[in-house]
Amino acid sequence: MDGLFTHSRQSRITRCGDASDRVVHPAAYNRHGTERASRSCDHWPVPEPVDDVLLVRRVESGDSDALRALYDRYSGIVFGMTYRLLGDRQAAEECTQDVFVSVWRTARSYEPNRARVSTWLLTIARNRAIDATRRRAARPVDPHEDVRSVDESPDTADVVSTADEASRVAAAMAELPDPQREALSLAYFDGLSHTEIAERLDIPVGTVKGRIRLALDRLRAIAPKYALGAEAEA
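Residues numbered from 1 in each chain as written. Predicted model: local features only at pLDDT ≥ 70, side-chain atom pairs only at ≥ 80, totals over all residues. Heavy atoms only, no water.

Participant: Give a detailed account of the pattern of salt bridges, specifying residues and quantitative values.
Facilitator: Per the counting criterion, the structure on display carries 10 salt bridges. A salt bridge links Arg-126 to Asp-164; the shortest N-O distance between them is 2.6 Å. Highlighted residues: Arg-126 in helix H4 (residues 117-138) and Asp-164 in helix H5 (residues 156-173), separated in sequence by 38 residues. In this structure Arg-126 comes out as buried when scored by relative accessible area, which is 18%. Of the charged contacts, one joins Asp-178 and Arg-181 as a salt bridge, the two residues approaching to 2.5 Å between their closest N and O atoms. Separated by 3 residues within a single helix, Asp-178 and Arg-181 lie in helix H6 (residues 178-188), roughly one turn from each other. Using a relative accessible area of 49% as the deciding quantity, one classes Asp-178 as partly exposed. (Salt bridge = Lys/Arg side-chain N within 4 Å of Asp/Glu carboxyl O. Helix = DSSP H or I, 4+ residues; strand = E, 2+ residues; numbered from the N terminus. Buried < 20%, exposed > 50% of the residue type's maximum accessible area, 1.4 Å probe, protein only.)

Spelled out as structure tokens, the structure:
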């Protein structure tokens, strides 16, 4: 199922196939975000907004439109968190793909009384990113590559600590309105400047600054809930 998803602000998911062999794949949107006609074989309309828990339950029932809705809401922040942890865009894209494939396969394991859907998704992403980092650290060294010293190898405790911090920030950011979350995610996870964010989103720099300021104000308000300190002052 490699290449099932490709991270993009405009990527969407549809499904065709019988109940025993479901295949999920991206369906292109145009640059304005207008969806092409759905070709899902069992299309269930997903009105907006729909409660996250309901979406997961619909995914459990085989509704690809519900999976698409979750992907639209959270793929950006999942990608941002994994990119911050892995430092590699391709690896982050693969990790993001793995997260939503896992959601498709294991939606029935979600327990709403234990965590928000966003927290559940980010926990899956955190674990995938930690595993990917450990695999990269443990792989045999290519004699033709520059060999890092042992001291430069990632420390497991450091990796887990960084992942915990990033997942808490991401979980808090998941509560932000979409425009604020998108702007702050590009700044925090992708490390883009205000000017670069404005160019990416095709909006004025002043609008970017306003969205980030509002996002940070909100993060400060909910910081204790997610055990955030300096992160909320970034």
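Participant: So what's going on with the packing of helix H7 (residues 194-201) against helix H8 (residues 205-222)? Which residues, and what values?
Facilitator: One can describe the packing of H7 onto H8 by two numbers: an axis separation of 8 Å at closest approach and a directional angle of 105°. Classed by the angle they form, the pair H7 and H8 counts as roughly perpendicular. On H8, the residues that touch His-194, Thr-195, Ile-197, Ala-198 and Leu-201 of H7 are Val-205, Val-208, Lys-209, Arg-211 and Ile-212. Residues of the contact of H7 with H8, tallied by class, amount to 6 nonpolar, 2 polar and 2 charged. (Axes fitted to C-alpha atoms, helices over the stretch in contact; angles between N-to-C directions. Parallel < 35°, antiparallel > 145°, perpendicular 65-115°, else oblique. Contact = heavy atoms within 4.5 Å. Nonpolar A, V, L, I, M, F, W, Y, C, P; charged D, E, K, R; others polar.)

Participant: Describe H8, with residues and values.
Facilitator: Relative to the 26 Å expected for 18 residues at 1.5 Å per residue, H8 spans 26 Å between its end C-alpha atoms, a close match to the ideal helical length. What H8 keeps buried is the set Val-208, Gly-210, Ile-212, Ala-215, Leu-216, Leu-219 and Ile-222. (Expected span 1.5 Å × (residues − 1).)

Participant: Describe helix H1 (residues 52-60), naming the residues involved and giving the relevant values.
Facilitator: Asp-52, Leu-55, Val-56 and Val-59 are the residues of H1 that are buried. Axial view of H1: buried residues confined to an arc of 100°, hence all on one face. Where H1 begins, the side chain of Asp-51 points an oxygen toward the backbone nitrogen of Val-53, at a separation of 2.9 Å. Backbone geometry just downstream of H1 places Gly-62 in the positive-phi region, at approximately 95°. (Arc of directions from axis to C-beta. Polar contact = N/O pair within 3.5 Å; in protein donor to acceptor, adjacent residues only side chain to side chain.)

Participant: Break down the packing of aromatic side chains for me, citing the residues and quoting the values.
Facilitator: To describe a pair of aromatic rings, you give the distance between the ring centres and the angle between the ring planes. All told, the structure shown has 4 aromatic pairs when counted by the stated rule. Look at Tyr-71 and Phe-100: their rings are 5.0 Å apart centre to centre, the planes differ by 75°, and that puts the pair in the edge-to-face class. In this pair, Tyr-71 sits in helix H2 (residues 64-86) while Phe-100 sits in helix H3 (residues 89-106), placing the two residues 29 residues apart along the sequence. Of the residues examined, Tyr-71 reaches a relative accessible area of 1% and is grouped as buried. Since its relative accessible area comes to 0%, Phe-100 is described here as buried. (Phe/Tyr/Trp six-rings, centres within 6.5 Å; stacked < 30°, edge-to-face > 60°.)

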